[in-house]
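Listed below, chain by chain, are the residues.
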Amino acid sequence: MKELSSIALNIEPSSTMAIDSMFKQMKAEGHDVIGFGAGEPDFPTPDHIKLAGIDAIVNNHTKYTPSTGTIELRRAICERLKADCGVEYHANEIAVSNGAKPCVYVALRALVNPGDEVILPAPYWVSYIELIRMAGGVPVVVEATEQEHFKITAEKLAAAITPKTKCMILNNPSNPTGMMYSRQELEALARVCVEKDIYVISDEIYYCLAYDNEEFVSFASISPEAKERTLLVNGVSKAYAMTGWRIGYVAAPANIAKIIGNYLGHCTGSPSAISQQASLMALTASQETVEKMREAFEERRNYMVERMNKIPGVSCIKPEGAFYVMMNIEKLFGKELFGHVIKDADDFGHLFLKHGKVAVVPGTGFGAPGFIRWSYATSMENIKAGLDRLEKFLAGVDV
Ligand SMILES: Cc1ncc(COP(=O)(O)O)c(C=O)c1O
């Protein structure tokens, strides 16, 4: 038999899978385990959005739509981007697809020729590195330390750019760190991008989840020069608890949106007509439920960060957005727990699941080997119990 595609063969399975499958197996065996791996809001989709989905079926919104989404939805996206992010787009600059994830992929496909370099700040969301490779690009990882609040500086960005650099992926607020770039920091990055002529895929999927009254700033809003090189990715998954509806979008200059539309027309046809109607409701109705969820996340973040920093051996900085906390475990390396010497984050993750009955995500897959990602998209009750278990686990007591 002939060899399979080398691009496909080189795609790494998700590094979070090992712990996740152990977690699921333990649950199935009846163990009382708590999971902090979720990358999705634990809230149900708000009722008015669900009803719009039902209405869509009843009223026969059940056919193909234009490949980049219905004109009504694209217009609603433009309105929301204007109201929430202060950026003006026209409907022909929007391409809707099946979630933000494929949007990142088509954005890369629109930009990247084989061998082009794509700058990826680390810690990074686990899918970016594989999506870059799938698009034929070469990831160039630029590390941002905890002392730098996991944010790359303009100097670091400039130093990583070569004649082969085509673009950078910026995730703001970030999964996995929860950190958010300020306007000043974005301005400095944008200056470099404009000067060196590189594009920016700005994944702003967590933009509704910003805390402490901090202003979220969209990369595209920085300047007209920044906007013309920005492919803004966003969607309804996180803001409206709609992960299963699969609607995301790219906003980009018309010539780029058109190429993306051509691409989508051939590979996805169109996004789900029913989900588009539900998303239209999400974007145009009152945003009260978004704010309620945001407040609940902020309360959980405050609790988690405060508690974690009181537990000897671990620490975390306070994330400004999204729903993740990066726990620093570097002090535990070389220490023995339950007869094992902890060498890395994967060791910690496995031991914590086995002896603490808590599933977290080791930072190894995010390019952050000294850290563990906790998602607080789970109930306060679980968060309290999970941190109680962390305390016991670090004291060498089995849960
Ligand atoms: C940074 C980031 N971008 C995109 C996505 C995917 O969003 P969607 O469910 O809309 O594909 C996720 C989901 O975890 C994410 O964390």
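Calculation rules
Residues numbered from 1 in each chain as written. Predicted model: local features only at pLDDT ≥ 70, side-chain atom pairs only at ≥ 80, totals over all residues. Heavy atoms only, no water. Pairing = 2+ DSSP bridges. Helix = DSSP H or I, 4+ residues; strand = E, 2+ residues; numbered from the N terminus. Contact = heavy atoms within 4.5 Å. Axes fitted to C-alpha atoms, helices over the stretch in contact; angles between N-to-C directions. Buried < 20%, exposed > 50% of the residue type's maximum accessible area, 1.4 Å probe, protein only. Near = heavy atom within 4 Å. Polar contact = N/O pair within 3.5 Å; in protein donor to acceptor, adjacent residues only side chain to side chain. Areas by Shrake-Rupley, 256 points an atom, 1.4 Å probe, with all protein chains shown as cover. Domains from an automatic or database assignment. Buried area = accessible area lost by both parts, 1.4 Å probe. Salt bridge = Lys/Arg side-chain N within 4 Å of Asp/Glu carboxyl O. Phe/Tyr/Trp six-rings, centres within 6.5 Å; stacked < 30°, edge-to-face > 60°. Lys NZ or Arg CZ within 6 Å of the ring centre and 35° of its normal. 1 Å grid on protein atoms, 1.4 Å probe; cavity = no way out; pocket = protein on both sides within 12 Å on 5 of 7 lines; lining within 4 Å. Points joined across faces, edges and corners; volume = space filled by probe spheres on them. Nonpolar A, V, L, I, M, F, W, Y, C, P; charged D, E, K, R; others polar.

Chemist: Can you help me understand the sheet that holds strand β15 (residues 371–375) in this one?
Modeler: Pairing between sheet strands relies on hydrogen bonds along the backbone, with the strands arranged either parallel or antiparallel. One open sheet accounts for four strands, arranged β9-β10-β15-β14; its pairing is antiparallel. Whereas interior strands pair on both sides, the edge strands pair on one side only; in this sheet they are β9 (315–316) and β14 (361–362). Across the face of the sheet, helix α13 (residues 345–356) comes into contact with β10 (324–328), β14 and β15 while running at roughly 45 degrees to β15.

Chemist: Whenever I open this one, the pairing of strand β2 (residues 94–97) confuses me. Can you help?
Modeler: Within a regular strand, the side chains alternate between the two sheet faces. Both faces of β2 are covered, namely the face carrying Ile94 and Val96 and the face carrying Ala95 and Ser97. Relative to strand β8 (residues 248–251), β2 runs antiparallel, the two being bridged by four bridges. Paired with valine 96 across the two strands is tyrosine 249, which belongs to β8.

Chemist: Quick question: what am I supposed to make of the sheet that holds β2 here?
Modeler: Spatially, the seven strands line up as an open sheet ordered β2-β8-β7-β6-β5-β3-β4, and their pairing is mixed. Of all strands in the sheet, those bounded by a partner on one side alone are β2 and β4 (138–143). Averaged over all neighbouring strand pairs, the angle between strand axes comes to 20 degrees, with direction disregarded. Pairing of strand β3 (residues 117–122) with β4 involves six bridges; the strand directions are parallel. Bridge pairing in β4 links valine 118 to proline 139. Contacts between helix α4 (residues 71–85) and the sheet are confined to β2, β7 (230–235) and β8, with β2 contributing the most and set at about 115 degrees to the helix.

Chemist: Before we go on, may I ask you to explain the site of the ligand in this structure?
Modeler: Near the ligand you find 14 residues, and of these Ala100, Asp203, Tyr206, Ser237 and Lys238 are the closest. Residue aspartate 203 places a side-chain N or O atom 2.6 Å away from a nitrogen atom belonging to the ligand. Here serine 237 contributes a side-chain N or O atom positioned 2.7 Å from an oxygen atom of the ligand. Burial of the ligand by the protein chains amounts to 92% of its free accessible area of 400 Å².

Chemist: Before we go on, may I ask you to explain the domain arrangement of the protein in this structure?
Modeler: Where the parts come together, the accessible area they lose is often given as the size of the interface. When the domains of the protein are assigned, the result is domain 1 (6–44 + 289–393) and domain 2 (63–285). Note on domain 1 versus domain 2: buried area summed over both sides is about 2900 Å², and carbon and sulfur give 62% of it. Considering only the side of domain 1, the residues that lose the most area to domain 2 are Ile317, Glu320 and Phe366, jointly responsible for 24% of the buried surface there. Counting every contact that joins domain 1 to domain 2 gives two salt bridges. Across the domain 1-domain 2 interface, the total number found is 16 residue pairs in polar contact (both at pLDDT 80 or more). Secondary-structure elements contributing two or more residues to the side of domain 1 that touches domain 2 are α12 (288–308), β10 and β15. Per element, the largest residue contribution to the side of domain 1 that touches domain 2 is six residues, and it comes from α12.

Chemist: Help me understand the packing of aromatic side chains in this model?
Modeler: How two aromatic rings sit relative to each other is given by the distance of their centres and the angle of their planes. All told, the structure shown has 15 aromatic pairs when counted by the stated rule. Each residue in the set Phe36, Phe338, Phe348, Phe352, Trp374 and Phe393 is aromatic and connected to the rest through ring pairs, giving one cluster. Note that lysine 227 overlies the ring of tyrosine 89, its terminal NZ or CZ placed 4.5 Å from the centroid. We note lysine 384 situated over the ring of tyrosine 303; from NZ or CZ to the ring centre the distance is 5.5 Å.

Chemist: How do you make sense of empty space enclosed by the protein when you look at a structure like this?
Modeler: In this approach, a probe sized like a water molecule rolls over the atoms, and the result shows the empty space that is left. By the definition in use, this model includes two cavities of 30 Å³ or more. Within this model, the largest cavity holds a volume of roughly 130 Å³. Lining the largest cavity are 18 residues, with Pro121, Pro123, Asn171, Ser174 and Tyr181 sitting closest to its centre. Elements supplying a minimum of two residues to the lining of the largest cavity: β3 and β5 (165–171). Here the lining of the largest cavity is built from residues that sort into 13 nonpolar, four polar and one charged. Lining the second largest cavity we find Arg80, Tyr207, Asn234, Gly235, Ala239, Tyr240, Tyr249 and Leu283.

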